[in-house]
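Read off the chains here:
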Amino acid sequence: MEHSPKITIEKYAKPPPPAKSTAPDADHLLSLERRPIATNSRVRKGEQFKRDMFIAFINKALQEKLDGQSKDFDDLVDQFNPRKVGEGATSPSQLRLWILALSHVLSRLEKRHASLVEAIVSLPWTTMESAFVKSYTIFIGMLLSARPEYLSLVLSKIAQGMTYQSGLQALNAGGPESSTSPLTRSVVYGRLHHLLRHLLSLIPTLPSTLQPLLVRNFPHKRQSQVTQATYIRNLLRVTEYCSELADRILALIIDRALQIDVEIQVELEELEQDDTLESGDLFEFDPFDVVIGQENDDGESDAGDDDLDSDVSTDVSSNGSEDDEEPDLPSNVRHMQEMVNKLDCILKLIFDHFNRLHYVTEVSTIPSPHTAHPGSPFSPLDTPRPPSPESGRVMRTAQFHTLLAIFDRTIIRTFKSRYTQFLVFWYSSLDPEFSDLFQGLLVEKALLGQDVPTVTRAAAASYIASFVSRAQFVDGESARTMIAVLCTFLQSHLDAFDNIIQAGQEPPSITHHSVFYAVTQAVFLIFCFRWRDLEERFNELEAYQGRKKWMNELDVVQRVITSPLNPLKVCSPNVVMQFARVARATDFVYCYSIIEANRRSEYNPSPGLLPLLPRLSGEELVSTELHMFFPFDPYKLPRSSSYIQGVYREWSSVAIGSDEESDEEEVEDADEGSEDEELDEGGIQSVSLSGTSLVSGRLQIPKTPQESSADADGLGESFGGMSISPAQPSSVVMVS
């Protein structure tokens, strides 16, 4: 019996020698396509014949694989070998024919054919010619529609492709050589986003599978700035077309910013003195515009680091178990500079994203990462269109509520952060409604949240104080309203305390009054910045008699400072001294006699210690630092500071001038000076830091209020700078 000729992959995938036979094989049809006399009908017929022959071979290979014969199947898989693609053994046009043929047999793919799917998914398709990219995108959509079990594999490759090293990996695979024109990273990333958007339109449940993969591929915080920025830019672009993941992606990015923020426990002025802070553009070059294959050596080294740490990721809900295994934070200037610049870069990207997406301010932003590029197979219709004014307002509101939720979950609970919270500060400036909502949340946390931990309530009071004091967009009426609310709380607390004393009951411990002290300090700080807005307004016909008059709610302040709770001894010495100076200069209240009595009293526990929790609770250090936490201290990050400058109130703009000050002399200063290193009463060595010292793992304030600032000018500098923030651990103090 005469056997039919065997169908082999070489017959269709490799150029055969010239054939003398007139049989209509695939190679004969390829030669007909090149003839100028060929008609469209003949070309279409030839394409159909080739496709049928490819389909016949694929069906045969798939069936033989199931029957235990793997030769043809292995040859088929080998056609998608990235090495062969790079060497030119398989041309993009041939790959496209195989892809088109495979799209007709997707229903025949079984579990034993997984290696074929894996080979196709692993192709460096983003660096190939546009015709293949289009066919590949359509094929992947058809594949996942027919075989959803491969969704995780495809999405994992997409998430990996958004990392900085993906371009280098594509280069090693030889992808760029098959391109018709040089490709930039922006084009490569744009193709990935186009595929992801296409899959989202086909698979509504895709976000639930994608989200953990995006978290897994997030670069570790130790990786380079450009690595972090590249992935974050891609994540922010995902939020523009995948609203289901927008909240979680933003929370993930902010969580990374917080992780870096809490490591920056050093005054940036010290880095500026060493000329280590960078203040230029976001990058010396935009990595999205670099042509694939032209990365510098630094980029290659970054990619190597990324490969090493590819399995290291941080989930937004993680407890930092990975960090626990790492050595202690180095104290060298270079490491601190890298962390500062990295945080500055991340916050700048988030600010730019908000600004670009909602067209809110006139601050120039980085070029859009999805601008059409030469060689891109996608039209401008593939990029998000600018929102209309109405839809933009809705998006801003939704985004702000997302930020508030993130603030409530993470930021307000992170007491050592210095800059991440300015995202909410800046966003609140976009609409008076946002500012009111933010203040409402803080009031609810600080004053009304009886089930809220005391530490969180005190932190909320610190946010109130710093926000109302520093935000230019909080008008005078809002400041008066906030002071009225805080003073009402103070009066209620004092009334309850007096009732306990009058009833002869044992007074509660000082821990019970933690929120009271935090709110009192908030009133002191707001008064220093906003006292002009707290004066009553008189008509010209009313008799003023040369005496200033204050809003009625402020009457309770006199009762507060003279109460047995003695907040002038417990609150931050810098805030107390500045309040005393401003209150005396404005003829509001006189505090120096009480301050002097506190200084001379025999029982004088460490000033500034706010015991929010019982001693030996394991959180004493946090509670000690908390009342000295001023979340909106001056913003010192050079690149992202442009967003804050126009909405931030500097102390110099509200400080009392010499013509407003009273001629009355201040209380004499205590003995001047103290050595930087001294021994406390117990003989334990302590290191003095800006009038504060670190003793036995606890922050102590050995100086009296007068000693902590020698004169009014010094206090002004304190409020204008960062010295009212918590003292920093000695391990990260920069020594020139």
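The rules behind these values
- Residues numbered from 1 in each chain as written.
- Predicted model: local features only at pLDDT ≥ 70, side-chain atom pairs only at ≥ 80, totals over all residues.
- Heavy atoms only, no water.
- Helix = DSSP H or I, 4+ residues; strand = E, 2+ residues; numbered from the N terminus.
- Buried < 20%, exposed > 50% of the residue type's maximum accessible area, 1.4 Å probe, protein only.
- Contact = heavy atoms within 4.5 Å.
- Areas by Shrake-Rupley, 256 points an atom, 1.4 Å probe, with all protein chains shown as cover.
- Polar contact = N/O pair within 3.5 Å; in protein donor to acceptor, adjacent residues only side chain to side chain.
- Phe/Tyr/Trp six-rings, centres within 6.5 Å; stacked < 30°, edge-to-face > 60°.
- Salt bridge = Lys/Arg side-chain N within 4 Å of Asp/Glu carboxyl O.
- Axes fitted to C-alpha atoms, helices over the stretch in contact; angles between N-to-C directions.
- Parallel < 35°, antiparallel > 145°, perpendicular 65-115°, else oblique.
- Left-handed = near helix turned anticlockwise from the far one by under 90°.
- Nonpolar A, V, L, I, M, F, W, Y, C, P; charged D, E, K, R; others polar.
- Patch = residues over 30% accessible without salt bridge, like charges linked within 9 Å, V, L, I, M, F, W, Y side chains within 5 Å.
- Lys, Arg positive; Asp, Glu negative; His and termini not counted.
- Charge placed at Lys NZ, Arg CZ, Asp CG, Glu CD.

Whenever I open this one, the overall build of the protein chain confuses me. Can you help?
Looking only at helices and strands, the protein chain features 32 helices and four strands. Within the span of the protein chain, comprising 736 residues, buried residues form 53% of the whole. Sequence-distant contacts in the protein chain: of pairs separated by 6 or more residues, those separated by 24 or more amount to 79%. When the accessible area of the protein chain is evaluated, it comes to approximately 33800 Å², of which 50% is carbon and sulfur surface.

How should I be thinking about helix H7 (residues 114-121) in this particular structure?
Spacing of three or four residues puts side chains on the same side of an α-helix, whose turn is 3.6 residues. By the criterion of burial, H7 is predominantly enclosed, with six of the eight residues buried. Of the positions making up H7, those classed as buried are Ala114, Leu116, Val117, Ala119, Ile120 and Val121.

What is the right way to look at the side chain of Ser417 in this model?
Along the chain, Ser417 turns up in the loop between helix H19 (389-409) and helix H20 (422-428). For Ser417, the side chain forms a polar contact with the main-chain oxygen of Thr414, separated by 3.2 Å.

Would you explain the packing of aromatic side chains in this entry?
Each aromatic ring pair is summarised here by two numbers: the centre-to-centre distance and the angle between the ring planes. Evaluation of the coordinates by the stated rule reveals 39 aromatic pairs. Look at Phe407 and Tyr463: their rings are 4.9 Å apart centre to centre, the planes differ by 90°, and that puts the pair in the edge-to-face class. Note that Phe407 is positioned in helix H19 and Tyr463 in helix H22 (residues 454-470), a separation of 56 residues in sequence. Look at Phe407 and you get buried, because its relative accessible area is 1%.

What am I meant to see in the pattern of salt bridges here?
Close approach of charged atoms allows side chains with opposite charge to pair. Within this structure, the stated rule accounts for 14 salt bridges. Linking Asp498 and Arg559 is a salt bridge whose minimum nitrogen-to-oxygen distance equals 2.7 Å. Taken together, the residues Asp498 in helix H23 (residues 476-502) and Arg559 in helix H25 (residues 556-561) connect sequence positions 61 residues apart. On the basis of relative accessible area, Arg559 is assigned to the partly exposed category, the value being 30%. Connected through salt bridges with shared partners, the residues Lys60, Glu64 and Asp72 form a single ionic network.

Would you take a moment to explain the packing of H23 against helix H24 (residues 514-530) for this structure?
Between two packed helices, both the angle of their axes relative to each other and the distance between the axes serve to describe the pair. Direction vectors running N to C along H23 and H24 enclose 150°, while the axes themselves pass 10 Å from each other. Put simply, H23 runs roughly antiparallel to H24. Between H23 and H24 lies a crossing of left-handed hand. Of the residues in H24, those in contact with Gly476, Ala479, Met482, Ile483, Leu486, Phe489, Leu490, His493 and Leu494 of H23 are Val515, Phe516, Val519, Thr520, Ala522, Val523, Ile526 and Arg530. Among the residues forming the contact of H23 with H24, the class breakdown is 13 nonpolar, three polar and one charged.

I keep staring at unusual backbone geometry and nothing clicks. Help me out?
A negative phi angle characterises most non-glycine residues, just as the trans form characterises most peptide bonds. Phi is positive for Asn566, which is not a glycine, with a value near 50°. Tracing the sequence through the fold places Asn566 in the loop between H25 and helix H26 (567-570). Overall, the relative accessible area of 14% leaves Asn566 in the buried class. Despite not being glycine, Asp587 has its phi angle at roughly 60°, a positive value. Structurally, the position occupied by Asp587 is in the loop between helix H27 (573-585) and helix H28 (592-600).

Would you explain the packing of helix H14 (residues 243-261) against H19 in this entry?
The N-to-C vectors of H14 and H19 enclose an angle of 45°; their axes lie 10 Å apart at closest approach. It follows from the interaxial angle that H14 and H19 lie oblique. Considering the relative orientation of H14 and H19, their crossing is right-handed. Contacts between H14 and H19 involve Asp247, Leu250, Ala251 and Ile254 from the former and Gln399, Thr402, Leu403, Ile406 and Arg409 from the latter. For the contact of H14 with H19, the residue count by class is five nonpolar, two polar and two charged.

Just checking my understanding: could you explain a negative patch on the surface for this structure?
A cluster of like negative charges, contributed by Glu433, Asp436, Asp475 and Glu477, occupies part of the molecular surface. Assignment of secondary structure puts Glu433 in helix H21 (residues 432-448). The class of Glu433 is partly exposed, set by a relative accessible area of 43%.

Remember that the coordinates give geometry; whether it matters functionally is a separate question.
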